[in-house]
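# Architecture and fold: a report
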Amino acid sequence: MTETTIIGRGNTEGARLFREWFDGLGQAAAEDRSAAYVFVMGSLVELLRVFDFPIVFPEINSLQTAVRRVAHEYLDEAEDYGYSPDICGYVKADVAVQLRGGQHPMGQIPQPGLAVYTNACNTYIKWAEIWERMYHIPTFTLDVPGTRMAGGQTQAGNPDFENDLRYVEAQVRDLIPLCESVSGVAFDIDRLRETLGYANRMNRSWKRLLELNQSRPCVFNALSDGTTYLGVANGFRSTPEGAQYFEDLVDEMEYKAREGVGTLTEEQYRLVFVGVPCYPIFRRFNELFTEWGGVFVNSTYLWFASGGTHIGFEYDLDHPIESLAEGLLLSTREAMDAMFFQTPILCDMIDTFAADGVVYHPIKSCRTVSTGLADSRRELLELRDIPSLFVESDLMDRRVVSEAQIKNRVDAFFEGLATRRQHALSRA
Ligand code: SF4
């Protein structure tokens, strides 16, 4: 394997897989097959694949409308239909996709036959009610107990954890007959073992991938490259293609780390990103940082939008249902913690990734992720002496994204970082 064949392979292959995924959805729509609609935090695709459901992630469909710069058309349509400008932009873009009969910039999206979601975001529950009203389909809310207080996470063996686990497992067992009746496919525990096995390979690799970015220079940009990886992690979770993709990606990043090949030619500042990307100007937003030599070494997004895959949970294939429940409980809890109890996570990221600064990006239409970010920032600054930037925009709605204003804030942030570095050098 040479430098020219290995470097960049993850991005090229990721784009190819992503296109294939949407082609597959188009095919399912053409054949009039009903899909399972799921969300990124606790998608349970390991189980749903056993029933041959085409899998649709409406959050990913929605963000793709923004990346392709047509989100405003979808948002306008949903607002004209009666949805408030205030609510989650992802919901509105999806409503417009449904009103258009599944028409999406990347192809045709099949209609739902079933919606399965956790309580990781309260919007998930209200969003699924829209499909319930539109299509009269069954919906299944999987209630995953989250962390009750900072530092209060319990583990296997603790009575509270065991109770939570029994509660989740009972819900997983309830979901199985529902999937059978909607899909007409009988549950096969060996197929579940197979999908869990592929998910194990992906989970191991995802954990390793994030660790590898501790290298200096870092080997991928958590904001730009990381979003491609997230697309594959969600769309191809528990498939052989997904497992292989991440093993190859880890090989690529191991190579880069070994050879000292960074994602930027000249890495100046290592940053941590908190929140959800600014999809309406996705590439430009990232450039505002890279032009100063700033690179995102990690993000809370890579944690919660991967549904907690970063913990690298490995299913016990001898006890597939029990272990699926445990993985769901632990991973979804981690995803929620990355939104609601993020300060210790950020302290750890700053220390292990040698970060120079933290960028908070609260967005108008996602209260789940954005509420409390100002308080979280204050708490972090009490614990770590680190510069931070607080810059607001949106994940979908270009009406509240001002590139000029963001640039001013980003430039001032880097000027501060440069001055701070000079002072540190002059003291040394
Ligand atoms: S987490 Fe935010 S962006 Fe995602 S569905 Fe919930 S409110 Fe919308």
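Up top is the structure.
Structural notes, computed from the coordinates. Keep in mind that this is a model prediction, so the values were computed, not measured.

### Looking at the nonpolar core
- Judged by nonpolar contacts, the single largest core of 147 residues is most densely connected at Tyr90, Phe246, Phe289 and Phe304.
- When residues in this core are grouped by element, the largest group, 10 residues, is from helix α14 (residues 320-340).

### A short note on the packing of helix α4 (residues 58-67) against helix α7 (residues 122-135)
- Following both chains from N to C, one finds α4 and α7 inclined at 90°, their axes separated by 13 Å at the closest point. With respect to their mutual orientation, α4 and α7 come out roughly perpendicular. Of the residues in α7, those in contact with Pro58, Glu59 and Ser62 of α4 are Tyr124, Trp127 and Trp131.
- Split by residue class, the contact of α4 with α7 holds 4 nonpolar, 1 polar and 1 charged.

### With respect to the sheet that holds strand β6 (residues 139-142)
- Pairing in this open sheet of 4 strands is parallel, and the strands run β2-β1-β5-β6 from one edge to the other. Each edge of the open sheet carries a strand with a single partner, namely β2 (55-56) and β6.
- Pairing analysis gives 3 bridges linking strand β1 (residues 35-37) to strand β5 (residues 112-118), with the strands arranged parallel. Among the inter-strand pairings, tyrosine 37 is bridged to a residue of β5, identified as alanine 115.

### Notes on unusual backbone geometry
- Here the residue pair arginine 216 and proline 217 is connected by a cis peptide bond, since its omega of 0° sits within 30 degrees of zero.
- The residue proline 217 is located in the loop between α9 (189-212) and α10 (225-235) in this model.
- Notably, aspartate 52 is not glycine yet its phi reads approximately 65°, a positive angle.
- Secondary-structure assignment places aspartate 52 in the loop between α3 (45-48) and β2.
- On the basis of relative accessible area, aspartate 52 is assigned to the partly exposed category, the value being 40%.
- Despite not being glycine, arginine 69 has its phi angle at roughly 65°, a positive value.
- The residue arginine 69 is located in the loop between α4 and α5 (71-81) in this model.

### A closer look at the site of the ligand
- The environment of the ligand is formed by Glu59, Cys88, Tyr90, Cys121, Thr123, Tyr124, Trp127, Cys366, Thr368 and Leu395.
- Of the residues belonging to the shell around the ligand, the class tally is 7 nonpolar, 2 polar and 1 charged.

### Topic: the sheet that holds strand β8 (residues 294-299)
- In spatial order, the strands read β8-β7-β9-β10; together these 4 strands make up an open sheet with parallel pairing. Each edge of the open sheet is held by one strand with a lone partner, namely β8 and β10 (388-390). Each adjacent strand pair in this sheet contributes to an overall mean axis angle of 30°, direction not counted.
- Both strand β7 (residues 269-275) and β8 contribute to a ladder of 5 bridges, which runs parallel. Note that in β8 the partner of valine 272 across the bridge is asparagine 298.
- Packing against the sheet, helix α12 (residues 282-290) makes contact with β7, β8, β9 (357-361) and β10, and its axis sits at approximately 115° to β8.
- Contacts from helix α15 (residues 342-352) reach β7, β8 and β9 within the one sheet, and its direction differs from that of β7 by about 165°.

### Some remarks on the pairing of β6
- Covered by surrounding structure in β6 are Phe140 and Leu142 only, the residues Thr139 and Thr141 on the alternate face being uncovered.
- One ladder, built from 4 bridges, connects β5 with β6; its direction is parallel. Across the sheet, valine 116 pairs through a bridge with phenylalanine 140, a residue of β6.
- Handedness of the crossover joining β5 and β6 through α7: right-handed.

### Details of the side chain of lysine 92
- Topologically, lysine 92 is positioned in helix α6 (residues 89-99).
- In terms of polar contacts, lysine 92 uses its side chain to reach the backbone carbonyl oxygen of serine 84, at 3.2 Å.
- Leaving out residues up to four positions away in the same chain, lysine 92 has contacts with Tyr74, Leu75, Ala78, Glu79, Tyr83, Ser84, Pro85, Asp86 and Ile87.

### Notes on the pairing of β8
- In terms of burial, β8 is a largely internal element, 6 of the 6 residues being buried.
- Assessed by its sense of winding, the connection that carries the chain from β7 through α12 to β8 is right-handed.

### Thoughts on helix α11 (residues 240-259)
- Given a rise of 1.5 Å per residue, 20 residues ought to cover 28 Å, and the 29 Å separating the end C-alpha atoms of α11 matches this to within 8%.
- Taken from the residues just after α11, glycine 260 is the one with a positive phi, measuring 70°.

### Remarks on the packing of helix α2 (residues 9-30) against α11
- The geometry of α2 relative to α11 is characterised by a closest axis approach of 9 Å and an angle of 165° between their N-to-C directions. One finds that α2 runs roughly antiparallel with respect to α11. The way α2 lies across α11 gives a crossing that is left-handed. Where α2 approaches α11, its residues Arg9, Gly10, Asn11, Glu13, Gly14 and Leu17 are matched on the opposing element by Glu241, Tyr245, Asp248, Leu249, Asp251 and Glu252.

Criteria and thresholds
- In every chain, residue numbers begin from 1 and rise along the written sequence.
- With the structure being a predicted model, the display of local features is reserved for residues of pLDDT at least 70 and the display and counting of side-chain atom pairs for 80 or more, all residues being used for whole-chain, interface and lining totals.
- Where side-chain values are given, they derive from all heavy atoms of the structure, hydrogens and water being excluded.
- Within this scheme, the nonpolar core is defined by two criteria: the residues are buried Ala, Val, Leu, Ile, Met, Phe, Trp, Tyr or Cys, and they are joined through side-chain atoms within 4.5 Å.
- Here's how the labels work: a residue is buried when its accessible area is under 20% of the maximum for its type, exposed when over 50%, partly exposed in between, all with a 1.4 Å probe on protein chains only.
- Strands are runs of DSSP state E lasting at least 2 residues, helices are runs of H or I lasting at least 4, and numbering of each runs from the N terminus.
- Axes here refer to lines fitted to C-alpha atoms; in helices the fit is confined to the stretch in contact. Angles between the N-to-C directions go from 0 to 180 degrees.
- An angle below 35 degrees is read as roughly parallel, one above 145 as roughly antiparallel, one from 65 to 115 as roughly perpendicular, and any other as oblique.
- Contacts between residues were defined by any pair of non-hydrogen atoms, one from each residue, lying within 4.5 Å.
- Residue type decides the class: Asp, Glu, Lys and Arg count as charged, Ala, Val, Leu, Ile, Met, Phe, Trp, Tyr, Cys and Pro as nonpolar, and the leftover types, Gly among them, as polar.
- By definition, two strands form a pair when at least two bridges between them are found by DSSP.
- For each residue, the test is whether any non-hydrogen atom lies within 4 Å of the molecule or strand; if one does, the residue is near.
- Handedness of a crossover is defined as follows: orient the strands so they point away from the viewer, and if the path from the first strand over the helix to the second runs clockwise, the crossover is right-handed.
- As used in this structure description, the phrase polar contact means that two N or O atoms lie within 3.5 Å; if the pair is within protein, one of them must be able to donate a hydrogen and the other to accept it, and residues adjacent in sequence are counted only when both atoms belong to side chains.
- The span one expects for a helix is its residue count, reduced by one, times 1.5 Å.
- Crossing handedness follows the turn of the near helix against the far one: under a right angle anticlockwise gives a left-handed crossing, and clockwise gives a right-handed one.

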